Amino acid sequence: MKKIILLFWVLFANTATIAQEWKLEIGSNLTRYVFTNSSGNNPEYLKSSAGYHLGISKENKISRYVYYDVGIVLNQYNAVGDVQNIPFSYQTNFLGLSGGVGPQISITRNLTFLAKASASLQTMYNGTQLVQNNYFDLASDSQFTGAKVFVGYTIELSQKVNKQMALFTSYQHFDTNSFGKSTLNFIPSTISFGIKIGQ
């Protein structure tokens, strides 16, 4: 976690003098856990569940129509299920870096559409599994620990309020794409609302 925070500040230090806007956002993740066992099968007992999303980033122009952003995200990736009528659930909290790059199109004078290729590096700092009335710590579970690389896309609609502020809503889809004999992939879809504050 310390390495991720240090990397974040290095990135911000390099962009601080040219950054155009701060972005603050809050939203909800609907996450699907895709577990592949050692036989290559995907059991169907895991179901999607919702969790929070928080983010802060800086956005800047690369050219007239292309923008990039880099920032910190805090995400909750959850799932529920049951095996032989025994219910269980997962609740996991991740912290990491996120960024994206893509074109922005003006729809009207104050309304813009942005599409980005996005990626994120995150690590779990807290996670539990609830089986019936018993909690189990996931800190020692190798399928949850360690850095996770998320790749995907983001689409955003932004409405300018004045010269220094805009409101936006966005949809983001990620996938971790882990490989091996027995793997767990996180596939979150995120809807967010936020504010942009310019310099």
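Structure: see above.
First, a word on what this report is: a plain description of the structure on this page. Keep in mind that this is a model prediction, so the values were computed, not measured. Numbering of residues starts from 1 in each chain and follows the order in which that chain's sequence is written. Confidence filtering applies because this is a predicted model: local features only for residues at pLDDT of at least 70, side-chain atom pairs given and counted only at 80 or more, and all residues used for totals across whole chains, interfaces and linings. With hydrogens and water set aside, each side-chain value is computed from the structure's full complement of heavy atoms.

So, on to the pattern of salt bridges. Salt bridge criterion: a side-chain nitrogen from Lys or Arg within 4 Å of a carboxyl oxygen from Asp or Glu. Under the criterion given, the structure shown has five salt bridges. Note that Lys23 and Glu156 form a salt bridge whose closest N and O atoms lie 2.8 Å from each other. Remark: Glu156 occurs in strand 7 (residues 147-162) and Lys23 occurs in strand 1 (residues 21-36); sequence separation between them is 133 residues. Ionic pairing is found between Glu156 and Lys196, a salt bridge with its closest N-O pair at 2.6 Å. Of the two residues, Glu156 is situated in strand 7 and Lys196 in strand 9 (residues 183-198); the sequence distance between them amounts to 40 residues. In DSSP terms, a helix is any run of H or I states spanning at least four residues, a strand is any run of E spanning at least two, and both are numbered starting from the N terminus.

Take empty space enclosed by the protein next. Leftover empty space is mapped by rolling, across the atoms, a probe with the size of a water molecule. Buriedness of a pocket was judged along seven lines, with at least five required to meet protein on both sides within 12 Å; pockets are open sets of points on a 1 Å grid over the protein atoms alone, cavities are sets where a 1.4 Å probe fits but cannot get out, and lining residues have an atom within 4 Å of a point. Grid points are joined across faces, edges and corners, and a volume is the space filled by probe spheres set on the points. All told, the structure shown has one cavity of 30 Å³ or more when counted by the stated rule. Estimated volume of the largest cavity: approximately 230 Å³. Residue lining of the largest cavity: 23 residues in total, with Glu25, Asp69, Val73, Ser98 and Gln172 positioned closest to the centre. Looking at the lining of the largest cavity, the elements with two or more residues in it are strand 1, strand 2 (46-61), strand 3 (66-83), strand 4 (86-106), strand 5 (111-131), strand 7, strand 8 (165-175) and strand 9. The element that contributes the greatest number of residues to the lining of the largest cavity is strand 3, accounting for five residues. Class assignment for the residues of the lining of the largest cavity results in five nonpolar, 13 polar and five charged. Gly falls in the polar group here, along with every residue not listed as nonpolar (Ala, Val, Leu, Ile, Met, Phe, Trp, Tyr, Cys, Pro) or charged (Asp, Glu, Lys, Arg).

With respect to the helices, strands and loops of the structure, Gln91 is situated in strand 4. Under the relative-accessibility criterion, Gln91 is labelled partly exposed at 40%. Distance from Gln91 to Gln76, taken between C-alpha atoms, is 7.1 Å for residues 15 residues apart in sequence. For Gln91, the contacting residues outside a window of four places in its chain are Gln76, Tyr77, Asn78, Asn126, Gly127 and Thr128. To sort residues, take the accessible area from a 1.4 Å probe on protein chains only and compare it with the maximum for the residue type: under 20% means buried, over 50% means exposed, and anything in between is partly exposed. Should any heavy atoms of two residues lie within 4.5 Å, those residues are considered in contact.

Estimated volume of the largest pocket: approximately 450 Å³. Around the largest pocket, the lining is made up of 19 residues, and of these Gln20, Tyr67, Gln104, Thr112 and Lys160 lie nearest the centre. Counting residues per element, the ones that place at least two in the lining of the largest pocket are strand 2, strand 4, strand 7 and strand 9. A class-by-class count of the residues in the lining of the largest pocket yields three nonpolar, eight polar and eight charged.

So, on to the pairing of strand 9. Taken together, the 16 bridges between strand 1 and strand 9 define a ladder with antiparallel strand orientation. Within strand 9, the residue paired with Thr36 across the bridge is Thr183. For two strands to pair, DSSP has to find at least two bridges joining them. Pairing between strand 8 and strand 9: nine bridges, direction antiparallel. Paired with Met165 across the bridge in strand 9 is Ile197.

On to the packing of aromatic side chains. Paired rings are identified among Phe, Tyr and Trp, the last through its six-membered ring, by centres lying within 6.5 Å, and are further divided according to the angle between planes into stacked (under 30 degrees), edge-to-face (over 60) and tilted (the rest). Applying the stated criterion across every chain, the model contains 13 aromatic pairs. Relative to Phe88, the ring of Tyr45 lies with its centre 5.9 Å away and its plane at 75°, an arrangement referred to as edge-to-face. Separated by 43 residues along the polypeptide, Tyr45 in the loop between strand 1 and strand 2 and Phe88 in strand 4 bring together distant segments of the chain. Owing to a relative accessible area of 11%, Phe88 belongs among the buried residues under this scheme. When the ring of Phe88 is compared with that of Tyr90, the centres are 6.0 Å apart and the planes differ by 85°; the resulting orientation is edge-to-face. Cluster of aromatic residues (ring-pair linked, three or more members): Tyr33, Tyr45, Tyr77, Phe88, Tyr90, Phe94, Phe144, Phe150, Phe174 and Phe186.

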